[in-house]
Amino acid sequence: MSPFFFWFFSAMMLVFGAAVIINRNPIASALSLVVSFVGLAALFMTLDAFFIGIIQVLVYAGAVMVLFLFIIMLLDLRAEERRKINLVAFGGGLAVALVFFGQLYLVIGQLRQAKQPFPPLALPRVDDVRSVGLLLFGNYNLPFQIIAVLILVATIGVIVLSKRELR
Amino acid sequence: MTFLVLTSLLKIFGIVFLVILPMVSYTVYAERRVSALIQDRLGPNRVGPAGLFQPIADAMKFILKEDFTPAHVNKFYFWLAPCLAMVPAIMTIAVVPFGSSLLGVPMVIADINVGVLYVFAIASLGVYGIVIAGWASNSKYPFLGGVRSSSQMISYELSLGLAVIPIFLLVGQLRLTSIVDYQIANGWMIAPFLGDPTNLWKWLLTIPMLISFVVFTIAIFAETNRLPFDLPEAETELVGGYHTEYSSMKFALFFLGEYAAMITGSAIIVTLFLGAWHLPIPWWNHAHGFHWLLISGSLGGWLGFLGGLFNIFTFFAKVAVLLLVFIWVRWTLPRFRYDQLMRLGWVFFFEIALVNIFIAAIIVAYMPK
C-alpha cells in the first residue's frame, strides 16, 4: 500500500513540477506548483509526519500561492505567452541540469548507505506536533523569539513604505 | 488492514452521499422556506407535502438545463473552478468526529493528530475555486468577485486560526477526538463551568471561551462567504460575482459548494465548542441519586449500537441548529461594505483574538490542575 502511494505522489510532484516550467501561462504554472506542493505534503503524510505535511499545504499551497496567483492575475499575461523560447538559454540550462544530475548519480552511487536497503523504523510512534513544539519553545526559544521580532520589523517596514505616499 | 480500508470507504461514502449531499439540498430548501417565513411569504410549497420534494425538482432543473459556456472564457479553468469549489468543502469533514463509535468502529474518517490544522489547510484551498472562476470567466464582475473573495478569505483565516488557540492551550492537543473527550469530561468549551459549577476558575475560563466562540463563528461566516459578508457575490454591486458567467450544473456546483462549506463549518464549530456528539441526559436512580447519563457507542450490546446512532443523530441535529442560525442571520442583517469588512477583520477580530489568547493563557497558567 505505502509503495503505491509513494510512487503515485512522487510522480504527481515530478509531473507538475515540470509543468511549472513548461507552461507558458503563468496561472497554469502557479496552479501546477500548488498541485506539486500538495503531492509533497502527501509524501510527508505517508511518512507519518502529519504536522509537516499539513503545514506544507497550509502555508505554501493555501497562503503563499494564493498571493502569487493574486499578483499574477493583475499582470498582463499575453506578453508572457507571446515570448519565444531562447534556444541558447534552453541548451545551457539543459547542460547544467544534466551535469548536476550526473554528479548526484556518481556521488550517491559511491555512498555505502545507498547500496543497502534502509532499515525499517523501529521507533515508537511520536506525536510530531508535541515534539516540534517542545523543541521550538524549549531548546530554541531565543532564536524563535528573535525570528518573530524580525518578521514583525519586516511587517512594520512594509506598512510604513506603502503608506509613505499617503502622508 | 482490509477492515480499516473497508470501514473507511463505507464511512466516506455514507457521510458524503447519505448525509452531506441530502443535507445540502435540504439546507437550500430550508433557506427558501425560512427566508419566506421571515419576509411573510410562502416559499416553495407545491412539490410534495409542504414542498418537501422541491430539492429533487431543483436538481432535475439544474441537470436538464443547457450547459452554456461563453465564448470568451478560458475553457479548461472555467471547467476546473466548480470542482475546486466543491471538493475542499467536502474534504474538511474527514477529520470531524461525527459520532462516538458504531459496532466498535470509531465514527471519524481520519483521526489524525493535527486535526484542526488539517481543517484550516483544506479551508485555505477553498479560495482557489472562487479565484479561478473569477479569472477564467474573463469578464469584469466575476474578476472583481474573485479578487474580493481571496482577500476576504485570507484576512479572516487569521482570526479563525487565532480564535481556537485558547482551546488548545486548555486541552494541549490538536486532535479533534481528544478535544471531544476533554469536553465530555470537563464540560463543553462554550460553557466550561458545566463540568464543575463550584470551581470559580472554570467560570473565569468562560470569558475567553465565549469570545473565542463568537470570533470563530463570525470568521466562519466570512470564510463561507455568507451574508453579512457575501461580498464576492454581492448581487447589487457585482451582478453575480464570481459565478456570473456560470449556468446549469456548473453553477449548481458553486451553490452546493457554498452550502457544503456551511455544513462543514458548522460541524467544526459543534466539534470545537458545542461538545460534538455529546448530549448529557439528566437521570436518577437509587444507587447514584441524580447524575448525568453519558450515552455513547461503548455501552454493551444493542444499547451501544443505539447509543452510537443516537450520538450521530445528536451531532447532526446540532449542525442543523447552527445552519438555521446561518439562514436566520442571512435574512436579518444587511451586507457590510467592503472597507468595513476589511476593518472588522484586521482591526477588531485580529486584536480581540490576540488579547483573548493572553487572557486564556494567564487563566490556564494559574488554574489549579
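Residues numbered from 1 in each chain as written. Chains lettered and ligands numbered in written order. Predicted model: local features only at pLDDT ≥ 70, side-chain atom pairs only at ≥ 80, totals over all residues.

A.B. asks: Tell me about the overall build of chain A, and please be specific about residues and values.
C.D. replies: The helix and strand inventory of chain A stands at seven helices and zero strands. When the helices and strands of chain A are read in sequence order from the N terminus, they spell out α-α-α-α-α-α-α. Going through the 167 residues of chain A one by one, you find that 16% of them count as buried. Within chain A, residue pairs in contact and separated by at least 24 positions form 51% of the contacts whose partners lie at least 6 positions apart. (Helix = DSSP H or I, 4+ residues; strand = E, 2+ residues; numbered from the N terminus. Buried ≥ 20, exposed ≤ 12 C-beta atoms within 10 Å, placed from the backbone. Contact = placed C-beta atoms within 7 Å.)

A.B. asks: Which residues make up the nonpolar core, and what are the values?
C.D. replies: Grouped together as the largest cluster of nonpolar side chains are 124 residues, with contacts concentrated most on Ile54(A), Leu117(B), Tyr118(B), Ala219(B), Ala260(B) and Ile263(B). With 17 residues, the top contributor of residues to this core is helix H4 (residues 115-136) of chain B. Sequence-distant contacts of Tyr118(B), defined by excluding residues within four places in its chain, comprise Ile54(A), Val95(B) and Ile112(B). (Core = buried A, V, L, I, M, F, W, Y, C linked by C-beta atoms within 7 Å.)

A.B. asks: Break down the domain arrangement of chain A for me, citing the residues and quoting the values.
C.D. replies: Structurally, chain A comprises domain 1 (1-83), domain 2 (87-118) and domain 3 (127-167). For domain 1 of chain A and domain 2 of chain A, the distance between their C-alpha centroids amounts to 23 Å. (Domains from an automatic or database assignment.)

A.B. asks: How would you summarise the pairing of strand S3 (residues 281-285) of chain B if you had to cite specific residues and measurements?
C.D. replies: All names here are of chain B. Little of S3 sits inside the fold, with zero of its five residues counted as buried. With five bridges connecting them, S3 and strand S4 (residues 289-293) associate as antiparallel partners. Considered in S4, the bridge of Trp283 is made with His291. Connecting S3 to the antiparallel partner S4 that follows it, the hairpin turn spans three residues. (Pairing = 2+ DSSP bridges.)

A.B. asks: Can you lay out the interface of chain B and chain A for me, pointing to particular residues and giving the numbers?
C.D. replies: Between chain B and chain A, the residue contacts involve 15 residues of the former and 15 residues of the latter. Elements that contribute at least two residues to the side of chain B that touches chain A include exactly H4 and helix H5 (140-163) of chain B. Per-element tally for the side of chain B that touches chain A: the top contributor is H4(B), with nine residues. Its residues assigned to classes, the side of chain B that touches chain A shows twelve nonpolar, three polar and no charged. (Nonpolar A, V, L, I, M, F, W, Y, C, P; charged D, E, K, R; others polar.)

A.B. asks: Report on the environment of Val64(A), specifying residues and quantitative values.
C.D. replies: All names here are of chain A. Relative to the elements of secondary structure, Val64 occurs in helix H3 (residues 50-73). According to the C-beta neighbour criterion, Val64 is partly exposed, with 13 such atoms within 10 Å. Considered as a pair, Val64 and Val34 are 30 residues apart in the sequence and their alpha carbons are 9.7 Å apart.

A.B. asks: Let's hear about helix H7 (residues 176-186) of chain B: which residues, and what values?
C.D. replies: All names here are of chain B. Residues of H7 that are buried include every one of Leu176, Thr177, Ile179, Val180 and Gln183, and no others. Taken down its axis, H7 places every buried residue within 160° of arc, on the same side. As for H7, its buried residues are in contact with H4, helix H6 (165-171) and helix H10 (248-273). Of the residues trailing H7, Gly187 is marked for its positive phi of about 90°. (Arc of directions from axis to C-beta.)

A.B. asks: Outline the packing of H4(B) against H5(B), listing residues and values.
C.D. replies: In a pair of packed helices, the angle between the axes and the distance between the axes together describe the arrangement. Residues and elements named next belong to chain B. Viewed as axis vectors pointing N to C, H4 and H5 meet at an angle of 170°, and their least axial separation amounts to 7 Å. Looking at the two axes, H4 sits roughly antiparallel to H5. Crossing handedness for the pair H4 and H5: left-handed. Of the residues in H5, those in contact with Phe120, Ser124, Val127, Ile130, Val131, Ala133, Gly134 and Trp135 of H4 are Pro142, Phe143, Gly145, Gly146, Val147, Ser149, Ser150, Met153, Glu157, Leu160 and Gly161. (Axes fitted to C-alpha atoms, helices over the stretch in contact; angles between N-to-C directions. Parallel < 35°, antiparallel > 145°, perpendicular 65-115°, else oblique. Left-handed = near helix turned anticlockwise from the far one by under 90°.)

A.B. asks: Break down helix H5 (residues 87-110) of chain A for me, with residues and values.
C.D. replies: The end-to-end C-alpha distance of H5(A) is 35 Å, a good match for the 34 Å that 24 residues give at a rise of 1.5 Å each. The element H5(A) is barely covered by neighbouring structure, given that only zero of its 24 residues are classed as buried. (Expected span 1.5 Å × (residues − 1).)

A.B. asks: Which residues make up the packing of helix H3 (residues 75-91) of chain B against H10(B), and what values go with them?
C.D. replies: All names here are of chain B. Where H3 meets H10, the closest approach of the two axes is 8 Å, and the angle between their N-to-C directions is 20°. As summarised for this structure, H3 and H10 are arranged roughly parallel, according to the angle between their axes. Crossing hand, H3 versus H10: left-handed. Across the interface between the two elements, Pro82, Cys83, Ala85, Met86, Ala89 and Ile90 from H3 touch Lys250, Leu253, Phe254, Leu256, Gly257, Ala260, Ala261 and Thr264 from H10. Residues belonging to the contact of H3 with H10 are distributed by class as follows: eleven nonpolar, two polar and one charged.

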